[in-house]
Structure formats: C-alpha cells, structure tokens
Amino acid sequence: MGSTSPNSTSNPLATPYTSPTGTLNLSHRIVLAPMTRMRASDKTGTINPSAATYYAERTLPGSLLISEGTVIHPRGKGFPCTPGLWTEEQARAWKPVTDSVHARGGVFFVQLWHVGRVSVPKMIGGARPFSSTSAHLPGSHVLFGGEGGVEEYVDSHAMTVQDINDVIAQFAHAARLAVEIAGFDGVEIHGANGYLLDSFVHDNINTRDDMYGGSLENRLRFPLQVVDAVVDAVGAHRTAIRLAPFHVLQETRDSNRLATFGGFCAELERRGLGYVHVVEPRYDQGSGEGAFSGDIHRENVPVDGSSSASIWPFRRILKNTTVIGAGGYDAVSAAKAIEEGRIDLAAFGRYFTSNPDLPERLFKGLPLTKYHRPTFYTPGDEGYLGWSRWDGAST
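Parameters at a glance
- Residues numbered from 1 in each chain as written.
- Predicted model: local features only at pLDDT ≥ 70, side-chain atom pairs only at ≥ 80, totals over all residues.
- Heavy atoms only, no water.
- Buried < 20%, exposed > 50% of the residue type's maximum accessible area, 1.4 Å probe, protein only.
- Helix = DSSP H or I, 4+ residues; strand = E, 2+ residues; numbered from the N terminus.
- Pairing = 2+ DSSP bridges.
- Right-handed = clockwise from strand over helix to strand, strands pointing away.
- Expected span 1.5 Å × (residues − 1).
- Bend = angle between axes of the 7 residues up to and from the residue.
- Contact = heavy atoms within 4.5 Å.
- pLDDT = per-residue confidence, 0-100.

Colleague: What is the right way to read the pairing of strand S12 (residues 275-279) from this model?
Modeller: Two faces, one strand: in a regular strand the side chains alternate between the faces of the sheet. Within S12, five of the five residues are buried, which leaves it mostly tucked inside the rest of the structure. Residue alternation in S12 divides its side chains into two sets, Tyr-275, His-277 and Val-279 and Val-276 and Val-278, and both sets are buried. Pairing between strand S11 (residues 239-243) and S12: four bridges, direction parallel. Of the residues in S12, the one forming a bridge with Ile-241 is Val-276. Once the chain exits S11 it traverses helix H6 (residues 257-271) before rejoining the sheet at S12, and the crossover so formed is right-handed. Relative to strand S13 (residues 323-326), S12 runs parallel, the two sharing four bridges.

Colleague: What exactly am I supposed to notice about helix H2 (residues 88-103) here?
Modeller: One turn of the α-helix equals 3.6 residues, which is why residues spaced by three or four share an orientation. A rise of 1.5 Å per residue sets the reference length of H2, with its 16 residues, at 22 Å; its end C-alpha atoms lie 22 Å apart and thus fit the reference within 8%. Residue Lys-95 marks the point of greatest curvature in H2, where the axis turns by about 30°; the proline Pro-96 follows within four residues. Residues Gln-90, Ala-91, Trp-94, Val-97, Thr-98, Ser-100 and Val-101 constitute the buried set of H2. Residues of H2 that are buried sit in contact with helix H1 (51-57), strand S4 (64-71), strand S5 (107-113) and helix H3 (161-182).

Colleague: Quick question: what am I supposed to make of the confidence of the model for the protein here?
Modeller: Any residue range with low pLDDT should be treated as having predicted coordinates unsuitable for detailed reading. For the protein, per-residue confidence averages 90 on the pLDDT scale, and residues scoring 70 or more make up 89% of the total. When the criterion is pLDDT under 50, residues 284-298 qualifies, and its contacts beyond four places in sequence or with other chains add up to 21 contacts. In this model, residues 302-306 is a region of pLDDT below 50 whose contacts with residues beyond four sequence positions or in other chains number four contacts.

Laid out in structure tokens, this is it:
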C-alpha cells in the first residue's frame with residue numbers, strides 16, 4: 001500500500017460522486033470494502049454492539065460503507081461468529097450500527113451472504129452444504145474465529161428446484177429486513193469467491209443438465225433470479241452485487257471468464273442496479289499472507305498486459321451502472337483507475353482495519369498504519385477498536 005498520492009485538490013479519490021440511480025451521493029471515491037471480522041454472536045447471529053463504534057469510526061460525511069458478509073439463513077453460514085439477517089431480532093441489532101453511520105453522514109449497504117459449498121457440517125447443524133452439484137472442495141475448511149481449527153470438506157447437496165426457490169426467497173427476506181428494520185440504505189448480494197451463487201456460474205463447477213446448468217443462460221438463471229427478487233423487495237436502486245470474474249480460489253475455473261462474466265454484466269446493466277462491485281484480477285498478486293500465499297496460477301486469464309486482463313471488458317458493458325473496483329489498490333493505482341474511467345469508486349479493505357481515517361490519509365499522502373492480521377477474526381476489541389487517527393487522537 002503506497003503512502004503517496006496526488007494532493008487533495010487534484011486527487012480523483014477526493015472528488016464527489018453521484019450515481020446514475022441517485023442512491024449514492026458521495027463526497028469522495030473511497031469505499032469501505034466488506035470484511036469479515038467474526039465478532040457477532042455465534043449462537044444468535046446478532047451483530048456485536050461494538051460494531052456501531054467500528055463502522056462509525058470509518059465514516060466521513062459522504063462515505064459509502066459495505067458491511068461484513070451477513071448470512072441470510074442458517075444453512076448459508078460458513079464461519080463462526082458471523083452475523084445474520086434472517087430474523088427481526090438480528091435486524092434490530094443492526095439498527096444502532098446503521099444509525100451510527102448515518103449520524104456521521106455515511107451511506108451504508110449490507111453484504112448478503114450464502115457461502116454454499118464453502119462450508120462444512122459443523123457450521124450448518126450437521127447438514128451438507130448447498131451447491132450447484134455434489135462435488136466438494138478439496139482439503140479442509142479453515143474455521144478461524146475464537147475456536148479455530150479445520151474440518152474436512154464433504155460432498156455438497158445438489159440443490160433441487162425447491163431448494164433454489166427457497167434460497168431466492170431467503171435473499172429477498174433478508175433484503176427487506178435490512179432496509180425496513182435494520183436501516184441499511186441498500187444491499188450488496190455476494191455473488192463472488194466460489195460461494196453459492198458463484199458455484200452456479202462457473203462451468204467447471206456447475207455440471208447440471210437441467211434449467212440451471214449447461215448454457216450460460218441457464219448457469220446465470222439462479223443468480224439473476226436472486227437479483228430480481230431483491231429488486232422486487234427493495235428496489236433496483238438499493239440492490240447491488242459483487243463479482244470476482246478472475247477469482248481462482250474455491251476452484252472457480254470457468255473455461256471462458258470474459259464471455260461468462262461479460263454476459264452476466266450485460267444482464268446486470270439492463271436492471272439499473274445501485275452498483276456492481278468487481279474484483280480486479282490481480283487482487284492477490286504480491287501477497288504472501290493467508291489464503292493468498294504461494295504461487296497462484298490462473299488458467300484462461302490473459303497475462304500479456306492487455307485490457308482483457310483487467311475489469312475493463314466489464315466496465316465497457318456497465319456503461320450506465322456505477323462500478324466499484326476492489327483488490328490491491330494503493331492511492332496511486334486507485335486514483336488512476338478512477339481517472340481513466342475503469343471504475344467509479346475504489347474499495348479498500350485490510351488497511352481500513354488499522355486506519356479508521358484511511359480516506360484522509362490517502363487524500364493527503366500520509367503514511368499508513370500496518371494492519372494486524374492475527375486479530376482479524378478474534379473476539380473482543382483488540383485489533384478491532386482503538387486505532388489512532390493520523391492526528392494522534394484515538395477513535
């Protein structure tokens with residue numbers, strides 16, 4: 001993460017932005033990326049009360065924040081101590097958090113999450129995880145959190161049409177709870193990273209021979225039905241989705257990523273969503289940490305430096321939709337991506353954990369405080385609250 005940037009008077013990161021739908025009226029272009037922190041109640045799925053302070057600390061007037069992944073149903077849970085949004089109790093627990101962000105002038109979207117086959121029976125009451133087909137991931141699932149440990153992946157449950165209809169309804173229900181009770185300004189559907197919806201999109205995972213498998217139209221059917229159900233529930237302007245066309249973990253190896261996600265984006269463009277959040281192809285390059293350690297090989301991804309090895313092909317399709325880019329940005333590369341029109345907004349993750357005033361630091365080219373990975377997923381306030389602003393004040 002670079003510590004230099006253009007001065008704030010000419011820095012694209014510091015310029016205001018209004019989305020075509022009018023949902024986003026922002027004073028700058030830096031977005032808090034969705035980041036799992038595993039501090040919710042593992043028993044009830046209610047968000048931790050300290051989240052109100054955590055998110056408020058990271059809110060400047062006119063900021064866009066995206067919440068940590070929030071599970072839509074017990075069957076969709078993949079990690080301990082992650083919050084949920086399938087009951088009114090859970091939604092009411094979020095209300096002080098959204099109020100804290102709104103009090104500081106922020107716009108707040110919740111990320112709705114169903115992990116699908118990236119789960120294990122321990123997390124979902126002994127059941128088999130949902131997926132497009134029965135094939136399971138290799139190896140073991142890292143549980144993180146306070147207990148930690150690993151559990152072997154098991155064969156997935158190939159979803160029936162009734163299962164699919166149930167999950168579509170669960171996404172819509174969570175969206176209504178989010179907007180009507182929890183007070184969020186909108187919802188971001190997690191459609192990336194090999195989670196449930198993504199497992200239907202990739203042709204190497206989805207080997208179905210019914211109306212939800214085979215052709216691109218069929219493989220996109222379930223994710224687009226979820227999008228449409230959420231649109232019906234809360235409106236297109238409050239509906240967003242996250243995609244990771246070039247993701248390689250969780251065995252997401254589509255045979256033609258550009259065609260698959262180009263077709264996906266064309267459908268999303270027609271719907272006039274609040275935004276589409278796209279992860280850059282080299283979000284993990286140069287990282288030796290956690291799941292990104294070692295040599296990561298991408299099949300069917302151009303490596304010649306052409307624009308096809310970027311999110312440009314999708315930006316050119318999403319002409320009238322706000323595009324948030326994420327993955328590996330520093331102040332300079334994010335400003336360049338905005339200036340050239342590849343993205344409208346830039347999402348930052350890890351450095352936001354340790355720099356609650358990250359936008360101001362990036363605007364002014366100030367040094368960044370290194371994040372503390374050992375406390376990303378641990379309980380309590382250590383590594384969660386108490387990080388100092390650049391002016392020395394504790395938030």
